[in-house]
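# Fold and contact review
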Amino acid sequence: MSDVPTPASGDRPVLVAGGISDSHTWNLVYLQLLIEEHGHRVVNLGPCVPEDLLIREAVSHDPALVVISSVNGHGYHDGMRTVTRLREHAALAAVPVVIGGKLGIAGPCDEAETTALRAAGYDAVFDDSAEGVTVFRGMLDALPQRALV
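Heads up: these notes are all about the structure in this document. Since the structure is predicted, the reported quantities are computational estimates derived from the model, not experimental observations.

Turning our eyes to something else, we now look at the overall build of the protein chain. The helix and strand tally for the protein chain stands at five helices and five strands. The N-to-C order of helical and strand elements in the protein chain reads β-α-β-α-β-α-β-α-β-α. Burial analysis of the protein chain (149 residues in total) assigns 46% to the buried set. Residue pairs in contact within the protein chain that sit at least 24 positions apart in sequence constitute 83% of those at least 6 positions apart.

Below, the structure is given as structure tokens:
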């Protein structure tokens, strides 16, 4: 959870999406409210987001940050495929992408899995612990804020 990105924001939204196999929504609502509480506009794509839709929306919105969330425990496997597909697009190469939540069905990702997610293209990996949420909040505080009206 180190080396958390500090993307430039301005009026660029934060894009939030559930993993392709994750049908949970409460985590996405929580993330949207948390991110908005930190002064950022959110585009919430909802659960079970196919990679093609995520890519199309990311290119369209030019987000300051893309947040992938998982509750079902398949975040590691789904997330690897998602970030690989995102990073194939030149327009998204510099956009910070993070993943968090319950990333493994057997518990939190170990260091090797976290390293693999980062090597695949994630700028940060957050577990679903209180510490993970605290570090994520710190990253949001580092983003330039936009006045919400």
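There's plenty left to go through after this.
So, on to the environment of R118. With respect to the helices, strands and loops of the structure, R118 is situated in helix α4 (residues 111–120). Sequence separation of R118 and M80 is 38 residues, and the distance between their C-alpha atoms is 9.3 Å.

With that out of the way, let us pick up the sheet that holds strand β1 (residues 14–18). Sheet strands associate in pairs through backbone hydrogen bonding, adopting either a parallel or an antiparallel arrangement. If you trace the five strands from one edge of the open sheet to the other, you get β2-β1-β3-β4-β5, paired in parallel fashion. At either margin of the open sheet sits one strand with a lone partner, and together these are β2 (42–44) and β5 (124–127). On average, adjacent strands in this sheet sit at an angle of 20 degrees to one another, irrespective of strand direction. When strand β4 (residues 97–101) meets β5, the two strands line up parallel, connected through four bridges. Counted as the bridge partner of V98 is A124 from β5. Seen against the sheet, helix α2 (residues 51–61) touches β1, β2 and β3 (65–70) and runs at an angle of roughly 170 degrees to β1.

Another aspect to go through is the nonpolar core. L54, V66, I68, V97, I99, L117 and Y122 are the most contacted members of the largest nonpolar core, which totals 21 residues. At the level of elements, β1, α2, β3, α3 (75–87) and β4 are the ones that each hand at least two residues to this core. Setting aside anything within four residues of it in sequence, one finds I99 in contact with I68, G75, G79, L117, Y122, A124, V125 and F126. Of all hydrophobic cores here, the second largest spans 16 residues; its members include V14, I35, L65 and V98.

On to the pattern of salt bridges, then. Enumeration over the complete set of coordinates arrives at seven salt bridges. Notably, a salt bridge pairs R81 with E51, separated by 2.9 Å at the nearest N-O pair. On the criterion of sequence distance, the pair formed by R81 in helix α3 and E51 in helix α2 is long-range, its members being 30 residues apart. Relative accessible area serves as the criterion here: at 43%, R81 is assigned to the partly exposed category.

The interhelical angle for the contact between α2 and α3, taken along N-to-C directions, is 45 degrees, at an axis separation of 10 Å. The angle between α2 and α3 places the two elements in the oblique class. When the axes of α2 and α3 are compared, the crossing they make is right-handed. Here E51, D52, L54 and I55 of α2 lie close against α3, whose contacting residues are D78, R81, T82, R85 and L86.

Reading guide: rules and limits
- Residues numbered from 1 in each chain as written.
- Predicted model: local features only at pLDDT ≥ 70, side-chain atom pairs only at ≥ 80, totals over all residues.
- Heavy atoms only, no water.
- Helix = DSSP H or I, 4+ residues; strand = E, 2+ residues; numbered from the N terminus.
- Buried < 20%, exposed > 50% of the residue type's maximum accessible area, 1.4 Å probe, protein only.
- Contact = heavy atoms within 4.5 Å.
- Pairing = 2+ DSSP bridges.
- Axes fitted to C-alpha atoms, helices over the stretch in contact; angles between N-to-C directions.
- Core = buried A, V, L, I, M, F, W, Y, C linked by side-chain atoms within 4.5 Å.
- Salt bridge = Lys/Arg side-chain N within 4 Å of Asp/Glu carboxyl O.
- Parallel < 35°, antiparallel > 145°, perpendicular 65-115°, else oblique.
- Left-handed = near helix turned anticlockwise from the far one by under 90°.

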